[in-house]
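Okay, here's what each chain looks like letter by letter:
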Amino acid sequence: QVQLVESGGGLVQAGSSLRLSCAASGRTFSSYAMGWFRQAPGKEREFLAHINGRSTILDYADFVNGRFTISRDNAKNAGYLQMNNLKPEDTALYYCAAAFGNGKRTPTWYDFWGQGTQVTVSS
């Protein structure tokens with residue numbers, strides 16, 4: 001079992017940066033791939049990025065276009081999503097997720113989810 005807790009969200013102006021964190025429980029965190037997703041009201045959950053346990057496989061949604069960077073620190077049982085040049089359309093609830101394997105873009109592949117952290121970007 002893995003428990004995930006996101007933090008780092010908030011209300012920011014367009015053009016700002018935020019760094020989201022995902023704190024994980026369990027001694028085998030390095031065995032899990034981690035993904036970041038977001039969901040805006042009335043929309044489906046959307047893939048942003050995933051990273052495998054050794055940080056050797058990273059994948060990003062095409063629309064991220066270099067603005068977001070995923071990373072992890074297995075010694076701290078933590079994952080991160082650095083978000084730069086935020087736009088109002090980035091407003092959403094942001095989730096981290098984990099599962100055994102190298103990571104996928106599909107939300108249903110992930111077994112464990114956090115509760116989410118809200119990001120609101122004003123224009």
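See the structure shown above.
Undergrad: Describe the pattern of salt bridges, listing the residues and the values that go with them.
TA: All chains considered together, the criterion is met by four salt bridges. A salt bridge links Asp 90 to Arg 38; the nearest nitrogen and oxygen atoms lie 2.8 Å apart. You can see Asp 90 sitting in the loop between β8 (78-83) and β9 (92-100) and its partner Arg 38 sitting in strand β4 (residues 32-39), a full 52 residues away along the chain. For Asp 90, a relative accessible area of 0% gives the class buried. A salt bridge links Asp 59 to Arg 105; its shortest N-O distance comes to 2.7 Å. Taken as a pair, Asp 59 in strand β6 (residues 58-60) and Arg 105 in the loop between β9 and β10 (112-113) lie far apart in primary sequence, 46 residues in all. Residue class for Arg 105 comes out partly exposed when judged on its relative accessible area of 38%. Each of Arg 38, Glu 46, Arg 67 and Asp 90 takes part in one network of salt bridges that share partners.

Undergrad: Describe the nonpolar core, listing the residues and the values that go with them.
TA: The biggest cluster of nonpolar side chains holds 34 residues, and the ones touching the most others in it are Leu 4, Trp 36, Phe 68, Leu 81, Met 83 and Tyr 94. Elements supplying a minimum of two residues to this core: β3 (18-24), β4, β5 (46-51), β7 (68-73), β8, β9 and β11 (117-122). The element best represented in this core is β9, accounting for six residues.

Undergrad: Describe the sheet that holds β7, listing the residues and the values that go with them.
TA: Pairing in this open sheet of four strands is antiparallel, and the strands run β1-β3-β8-β7 from one edge to the other. Strand pairing shows two members of the sheet lacking a second neighbour, β1 (4-7) and β7, which therefore form its edges. Between one strand axis and the next, the sheet turns by 15° as a mean value, whatever way the strands run. Looking at chain direction, β3 and β8 are connected through six bridges and run antiparallel. Bridge pairing links Arg 19 to Gln 82 in β8.

About the thresholds
- Residues numbered from 1 in each chain as written.
- Predicted model: local features only at pLDDT ≥ 70, side-chain atom pairs only at ≥ 80, totals over all residues.
- Heavy atoms only, no water.
- Salt bridge = Lys/Arg side-chain N within 4 Å of Asp/Glu carboxyl O.
- Helix = DSSP H or I, 4+ residues; strand = E, 2+ residues; numbered from the N terminus.
- Buried < 20%, exposed > 50% of the residue type's maximum accessible area, 1.4 Å probe, protein only.
- Core = buried A, V, L, I, M, F, W, Y, C linked by side-chain atoms within 4.5 Å.
- Pairing = 2+ DSSP bridges.
- Axes fitted to C-alpha atoms, helices over the stretch in contact; angles between N-to-C directions.

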